[in-house]
Amino acid sequence: MPLRALIFDVDGTLADTERDAHRVAFNRAFAEMGLPFRWDVPTYGHYLKVTGGKERLRAFLNDHPQLPQLSDADIASIHRQKTRHYVEMMNAGLLPLRPGVERLLNAARDHGLLLAIATTTTPANVESLLKSTLGAEAPQRFHTIGAGDVVPHKKPAPDIYTHVLGQLGLSAADCLAIEDSANGLQSACGAGLATVITQTEYTQGQDFSAALRVLDHLGEKASPAQVLQGRSAGERVIVDIPTLREWWAESREH
């Protein structure tokens, strides 16, 4: 059977949203609520090991008992405010897609592959990012968008990928996942998916030993990606559909 679908993570994979978008939006929400803390770049990077914004804030508060301890309802309210700030930033066009993402999405469409999204971020965040970077009809490019609280357990649990595979009507062997983090890799592999990693500033150095390849990005003609781990480590590549099919076929040899 041929490769039939690509399943993308969002934050860190489609766009490098964490440091300069989600973190900033959280801090704006904290200020609005009069909370006596903000997240600097290293602190936010530390708590990215916790997937889900509400869960991330709860973990931070649990580690800092001297700070105001918020109820679940308070945290949900802050998260809604944070989402509003994030969407406003996306609507203003403040964040581009990572190198090679739009090119690969277009190539997948031209090759007849299905596209899907598997993410722990909220549907509103996904929609605003897609529309701000790819146009108003961008969400319709994707056969399935699995996002937010649609499953009970977030990454690194495999639930979101299992959900998306069910929506696609495909087996894991028919698909390839593209992720940026160890949590995402564990989630995709747990659902049986071969996975390519495009690491970010926040995720470099994580354990990607289960990935088919680890890259710094997907590559453009003027700026090819570097393969950081895997069989072709050290090579410079522009990741296209034939390349992904070759890597995917390797996963079926084992």
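Here the structure is shown first, and the text comes after it.
The structure presented is a predicted model; accordingly, all values stated were derived computationally and were not measured.

### Some details on the layout of surface pockets
Phase 1 of the analysis: Here the largest pocket is characterised by a volume of approximately 480 Å³.
Phase 2 of the analysis: Forming the boundary of the largest pocket are 36 residues, of which Glu18, Leu48, Thr51, Arg56 and Thr120 lie nearest the centre.
Phase 3 of the analysis: Looking at the lining of the largest pocket, the elements that each hand over two or more residues are α1 (18-32), α2 (41-47), α3 (53-63), α4 (72-91) and α8 (182-190).
Phase 4 of the analysis: Grouping the amino acids of the lining of the largest pocket by side-chain chemistry returns four nonpolar, 19 polar and 13 charged.

### Some points on the packing of α4 against helix α6 (residues 123-134)
Between two packed helices, the angle of one axis relative to the other and the distance separating the axes together describe the packing.
Phase 1 of the analysis: Relative orientation of the contacting elements α4 and α6 amounts to 10 degrees, with a least axis distance of 8 Å. Judged by the inter-axis angle, α4 sits roughly parallel to α6. In this structure, α4 uses Lys82, Thr83, Tyr86, Val87, Met90 and Asn91 to contact α6, whose residues at the interface are Ala124, Asn125, Ser128, Leu129 and Ser132.
Phase 2 of the analysis: When the residues that make up the contact of α4 with α6 are grouped by side-chain class, the tally is five nonpolar, five polar and one charged.

### Regarding the pairing of strand β1 (residues 5-8)
Phase 1 of the analysis: Covered by surrounding structure in β1 are Ala5 and Ile7 together with Leu6 and Phe8, the residues of both alternating faces.
Phase 2 of the analysis: Pairing of β1 with strand β2 (residues 114-118), which is carried by four bridges, proceeds in the parallel orientation. Each residue of the ladder has a partner; that of Phe8, found in β2, is Ile117.
Phase 3 of the analysis: Pairing of β1 with strand β4 (residues 175-179) involves four bridges; the strand directions are parallel. Counterpart to Phe8 in the pairing with β4 is Ile178.

### Section: the environment of Val237
Phase 1 of the analysis: Following the sequence through the fold, Val237 ends up in strand β8 (residues 236-237).
Phase 2 of the analysis: For Val237, a relative accessible area of 12% translates into the label buried.
Phase 3 of the analysis: Taking the C-alpha atoms as reference points, Val237 and Gln226, separated by eleven residues in sequence, lie 6.3 Å from one another.
Phase 4 of the analysis: Once residues lying within four places of it in the same chain are set aside, the contact partners of Val237 are Leu215, Leu218, Gly219, Pro224, Ala225, Val227 and Trp247.

### Describing the pattern of salt bridges
Phase 1 of the analysis: Applying the stated rule across the entire model yields 15 salt bridges.
Phase 2 of the analysis: The salt bridge involving Arg109 is made with Asp110; its shortest N-O contact spans 3.9 Å.
Phase 3 of the analysis: For Arg231, the salt bridge identified is with Glu250, shortest N-O distance 3.5 Å. Of the two residues, Arg231 is situated in the loop between β7 (225-230) and β8 and Glu250 in helix α9 (residues 241-251); the sequence distance between them amounts to 19 residues.
Phase 4 of the analysis: Beyond isolated ion pairs, a larger network of salt bridges with shared partners links Lys54, Glu55, Asp149 and Lys154.

The rules behind each value
Residues numbered from 1 in each chain as written. Predicted model: local features only at pLDDT ≥ 70, side-chain atom pairs only at ≥ 80, totals over all residues. Heavy atoms only, no water. 1 Å grid on protein atoms, 1.4 Å probe; cavity = no way out; pocket = protein on both sides within 12 Å on 5 of 7 lines; lining within 4 Å. Points joined across faces, edges and corners; volume = space filled by probe spheres on them. Helix = DSSP H or I, 4+ residues; strand = E, 2+ residues; numbered from the N terminus. Nonpolar A, V, L, I, M, F, W, Y, C, P; charged D, E, K, R; others polar. Axes fitted to C-alpha atoms, helices over the stretch in contact; angles between N-to-C directions. Parallel < 35°, antiparallel > 145°, perpendicular 65-115°, else oblique. Contact = heavy atoms within 4.5 Å. Buried < 20%, exposed > 50% of the residue type's maximum accessible area, 1.4 Å probe, protein only. Pairing = 2+ DSSP bridges. Salt bridge = Lys/Arg side-chain N within 4 Å of Asp/Glu carboxyl O.

Geometric values such as these leave the question of function open.
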